[in-house]
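# A closer look at the structure
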Amino acid sequence: MRLYLFVPLIMGVALLSACGGSSSDTSTDPDENGSDSGVSGSTSCSDNTIECHFRSIESISTTSCELSNGSTTTCYELVFAANLIEDGVTGNTSFNVDAGPYCPRTLSDVGGIGIYDDDDDGDSSVFALNASFWSMLSSDGIDVVDDDSDICVVDRAPTNIVGDGDPDECNSVCSEISSRNNLTVTVLIPITPEDLTTPYTISAAEPLGVSLDGVPFAGPPPATEFGGVGDPVVAALDPCGGHLDPSGFFHWHFVPEAIDVVLEDSGISSTEVLCEGSVTQATSPLVGFAIDGYPIYSYLESDNSAPSDLDDCNGHFGATDEYPDGTYHYHATSHGNDLNVPPCLSGASVNRMLVLSVDQSIVNGVCTISTINHGERAVRHRSGIA
């Protein structure tokens, strides 16, 4: 069976400098103006540029960047405080990335959600983390429950046991990560999108885009075959489809505004797992931008009609409220029981699209290894996030 799992990241060495690219002096001060556009630090936003749509942003600048198609162009460099989530409908900012629930503590509890290929056909399904799920894993030789019906849960490292589960009685564990809120997230997005001849398929855990809060969107959680003790562990997602990377920043594997329809299609009872109440469900709004510069919307058009002529990336050209003259844009999926983020990108993206910083240190998505949080753990970020 194929389980979507969190892969323990490779232990590294101390800080290496970040790669390439110097910002221009076009950055804005978040306190300079009182624009009501919803984006701190923006200018008038009269030209409907990308930065006008973000709800919270630390700084905006432009920088020279190289795209995956070999083109050199100009990119927005958008800097966000990590782990800050605002409800796009209510404006509520009380979302707690540590709250979950992620891994339940006992067999009688219900946690968040997990992704699993239960019939080994290559297609994953979404499951509530409940007694039925753990029983299904056990029948496949994956034991996450000890003899006292406690779930074996770890935070960040296999030796950091959370809860009462006895790891000596489990051959796998459920993983949930605590946050580090001193991080900032920097995303590079081309100002002018450039279409690819062939769409780029998003791999497991690969950066896909960024929400209007600056929370990254990523592809499927890493998938691997379970093979025995010490192997990767079950990566719990919260009811809205997000969790924390080992370095402590929160990211989405689902479009949260559109996840409850996926949970319903997956046969998950709303009395067990429901995103509504944490993130308001909405059928048609702009929810973020892909790293190729094109916008991402929920699963319906602004008139609540179903989008037509969608391509393999779940995108098409058409008018939206934000782009009345029309633009290519992606939609979340609204059916089935798989991830609802776009599966591929139609445009070229920056080779170095995601940067994390903490205490003046930089972790670069492609080319650096950095020790995080006073050397507690060194982590390697390749092109993706867990």
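The structure contained in this document is the topic of the report that follows.

### Regarding the overall build of the protein
Of regular secondary structure, the protein possesses 2 helices and 25 strands. Going through the 386 residues of the protein one by one, you find that 54% of them count as buried. When contacts within the protein are restricted to residue pairs at least 6 apart in sequence, those whose partners lie at least 24 apart make up 63%. Accessible area of the protein: about 15600 Å², with a carbon and sulfur share of 46%.

### As for the state of the cysteines
By the definition in use, this model includes 5 disulfides. Residue cysteine 152 pairs covalently with cysteine 170 via a disulfide, S to S 2.0 Å. Where cysteine 152 bonds to cysteine 170 through sulfur, the torsion about that S-S bond is close to 70°, and the disulfide is right-handed. Highlighted residues: cysteine 152 in the loop between helix H1 (131–139) and strand E6 (153–154) and cysteine 170 in the loop between strand E7 (161–162) and strand E8 (174–175), separated in sequence by 18 residues. The buried category is assigned to cysteine 152, whose relative accessible area is 1%. Overall, the relative accessible area of 11% leaves cysteine 170 in the buried class.

### Considerations on the packing of aromatic side chains
Within this structure, the stated rule accounts for 11 aromatic pairs. For the pair tyrosine 116 and phenylalanine 133, a centre-to-centre distance of 6.3 Å together with 85° between the ring planes defines the contact as edge-to-face. Of this pair, tyrosine 116 sits in strand E4 (residues 113–117) while phenylalanine 133 sits in helix H1, and the two are 17 residues apart along the sequence. Here tyrosine 116 and phenylalanine 133 have matching classes, each one buried. Measuring from centroid to centroid gives 5.2 Å for tyrosine 328 and tyrosine 330, while their planes differ by 85°, and the two rings are edge-to-face. Taking relative accessible area as the criterion, tyrosine 328 reaches 12% and is therefore assigned buried. Through a chain of ring-to-ring contacts, three or more aromatic side chains come together here, namely Tyr116, Phe127, Phe133 and Trp134.

### Details of unusual backbone geometry
Residue proline 101 is bonded to the preceding glycine 100 through a cis peptide linkage, with omega at 5°. Positionally, proline 101 belongs in the loop between strand E3 (72–81) and E4. Positive phi values are uncommon outside glycine, yet alanine 205 reaches one of about 65°. Topologically, alanine 205 is positioned in the loop between strand E10 (195–201) and strand E11 (207–211). Looking at alanine 205, the relative accessible area reads 4%, which means it is buried.

### A look at the nonpolar core
In this structure, Ile113, Cys174, Phe250, Trp252 and Phe254 are the most contacted members of the largest nonpolar core, which totals 59 residues. The biggest single contributor to this core is H1, with 4 residues. Once residues lying within four places of it in the same chain are set aside, the contact partners of cysteine 174 are Cys103, Leu129, Trp134, Val144, Ile151, Cys152, Val153, Val154, Val234 and Ala236.

### Thoughts on the pairing of strand E17 (residues 286–290)
Burial of E17 is extensive: 5 of the 5 residues sit out of reach of the surface. In this structure, E11 lies alongside E17, joined through 3 bridges in antiparallel fashion. Residue pairing across strands places valine 210 opposite phenylalanine 289, the latter belonging to E17. Here E17 runs beside strand E18 (residues 295–297); their pairing, made up of 3 bridges, is antiparallel. By the bridge assignment, leucine 286 is partnered in E18 with tyrosine 297. Between E17 and E18, which follow one another and run antiparallel, lie 4 residues, and glycine 293 among them has a positive phi close to 100°.

Conventions adopted
- Every chain is numbered on its own, with residues counted from 1 as its sequence reads.
- Restriction of local features to residues with pLDDT of at least 70 applies here, the model being predicted, together with a cutoff of 80 or more for giving and counting side-chain atom pairs; totals for whole chains, interfaces and linings are based on all residues.
- As a rule here, side-chain values cover all heavy atoms of the structure and leave hydrogens and water aside.
- Secondary structure elements are taken from DSSP: a helix is a run of H or I of four residues or more, a strand is a run of E of two residues or more, and numbering for both begins at the N terminus.
- Classification of residues uses two cut-offs on accessible area relative to the type maximum, computed with a 1.4 Å probe and protein chains only: under 20% is buried, over 50% is exposed, and between them is partly exposed.
- Any pair of residues with heavy atoms lying within 4.5 Å of one another is described as a contacting pair.
- Values of accessible area rely on a 1.4 Å probe in the Shrake-Rupley scheme; residue burial ignores everything except the protein chains shown.
- Put simply, a disulfide is two cysteine sulfurs that come within 2.5 Å.
- Pairing of aromatic rings covers Phe, Tyr and the six-membered ring of Trp, with a centre-to-centre limit of 6.5 Å; geometry is then stacked below 30 degrees between planes, edge-to-face above 60, and tilted otherwise.
- The term nonpolar core refers to a set of buried residues drawn from Ala, Val, Leu, Ile, Met, Phe, Trp, Tyr and Cys, joined through side-chain atoms within 4.5 Å.
- Note on pairing: DSSP must find at least two bridges between two strands before they are called paired.

From the geometry alone we can't say anything about function, so treat these as descriptive.
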